Amino acid sequence: MDSYGGYRSQLVGELSAKGIRDLAVLRAISEVPRHLFVPESIRHRAYQDSALPIGGGQTISQPWVQARSLELAKLTGRDRVLEVGTGSGYQTALLAQCADQVFTVERIPALAQAARAVLSATGARNISVLVGDGTLGWRAYAPFEVIIVAAATPEAPQPLVEQLATGGRLILPIGDRVNQVLTLMVKQPDGSLVTRTVSDVRFVPLIGQFGFAGDLAT
Ligand code: SAH
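1. A few points about helix H5 (residues 109-121)
An α-helix turns once every 3.6 residues. As a result, residues three or four positions apart point the same way.
Move 1: The first and last C-alpha atoms of H5 sit 18 Å apart over 13 residues, in line with the 18 Å expected at 1.5 Å per residue.
Move 2: When H5 is considered as a whole, its buried residues turn out to be Leu-111, Ala-112, Ala-115, Val-118 and Leu-119. All buried residues of H5 project into a common sector of 135° when viewed along the axis, lining one side. Across H5 from its buried face, at more than 90 degrees, point the exposed residues Ala-110, Gln-113 and Ala-121.
Move 3: Where H5 is buried, its residues touch strand E1 (52-55), strand E2 (58-60), helix H4 (90-98), strand E4 (101-106) and strand E5 (127-131).
Move 4: In the segment just after H5, Gly-123 is the residue with positive phi, at about 90°.

In structure tokens:
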């Protein structure tokens, strides 16, 4: 265990006090070194339950939101997962602990490259990182049992719905550019989606063909 192990245990305690119950999720959080995924200058804040800046105007999401998303995914260890919005790669690492294969797409090349480097340094071997528009999914590896979108979108991008396996779970923040609701959609045998809203959240916007239009600020 590195010197941050005590801080990680504290974060696990805090998340469990805030209602995270899934032991596999709590174990992943106790094992993944979040401090390696944030810029060095704010490493001392890595185990606070808050979102932090990671460069390029993007953020690493709040641990509680990531833990809750992971709980909703109900991973079995045999799943093929698509993540849209790699960002720092931290959530990718959590997913990789709980799933069989993780495919992750990031639109900002510098973030994808940094995430690749830290993920390989932490020893994860079941992750593939693609630079591109994740609203299009990653057709070559579809269908996915779980798709997690880490950026805000006005509605579920159609390609992601298509690339979700029957019985698969799509987890995404739906709303406007500022406020969203974390939403779980489960694909039924007839192709329809059963939708459940979970909690109010704030993510950076999903910029792409089936998300928000880009602008100079992003
Ligand atoms: N889960 C990440 C948080 C990422 S923040 C973490 O643990 O750090 C959301 C990320 O989505 C940003 O890095 C942003 O660049 C990315 N993003 C936004 N639109 C995207 C798109 N269409 N395709 C892929 N990534 C996108």
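2. Notes on the environment of Gln-62
Move 1: For Gln-62, the position within the fold is in the loop between E2 and helix H3 (63-73).
Move 2: Residue classification places Gln-62 among the partly exposed residues on the basis of a relative accessible area of 26%.
Move 3: Spatially, the C-alpha atoms of Gln-62 and Val-204 are 12 Å apart, while their sequence positions differ by 142 residues.
Move 4: Among residues more than four places away in sequence, those in contact with Gln-62 are Arg-34, Asp-49, Ser-50 and Ala-51.
Move 5: Polar side-chain contacts of Gln-62 include one of 3.2 Å to the side chain of Asp-49.

3. Here's the deal with the packing of aromatic side chains
Move 1: Overall, the coordinates contain seven aromatic pairs when judged by the stated rule.
Move 2: Summarising the aromatic geometry, the rings of Tyr-4 and Tyr-47 are spaced 5.9 Å apart at their centres and angled 45° between planes, so their arrangement reads as tilted. On the criterion of sequence distance, the pair formed by Tyr-4 in the segment before helix H1 (5-17) and Tyr-47 in the loop between helix H2 (23-31) and E1 is long-range, its members being 43 residues apart.
Move 3: Given the relative accessible area of 21%, Tyr-4 is considered partly exposed.
Move 4: Among the aromatic side chains, those forming a connected cluster through ring pairs are Phe-103, Trp-138, Tyr-141 and Phe-144.
Move 5: In this structure, Arg-34 packs its charged tip against the face of Tyr-90, placed 5.3 Å from the ring centre.

What counts, and where the lines are drawn
Residues numbered from 1 in each chain as written. Predicted model: local features only at pLDDT ≥ 70, side-chain atom pairs only at ≥ 80, totals over all residues. Heavy atoms only, no water. Helix = DSSP H or I, 4+ residues; strand = E, 2+ residues; numbered from the N terminus. Expected span 1.5 Å × (residues − 1). Buried < 20%, exposed > 50% of the residue type's maximum accessible area, 1.4 Å probe, protein only. Arc of directions from axis to C-beta. Contact = heavy atoms within 4.5 Å. Polar contact = N/O pair within 3.5 Å; in protein donor to acceptor, adjacent residues only side chain to side chain. Phe/Tyr/Trp six-rings, centres within 6.5 Å; stacked < 30°, edge-to-face > 60°. Lys NZ or Arg CZ within 6 Å of the ring centre and 35° of its normal.

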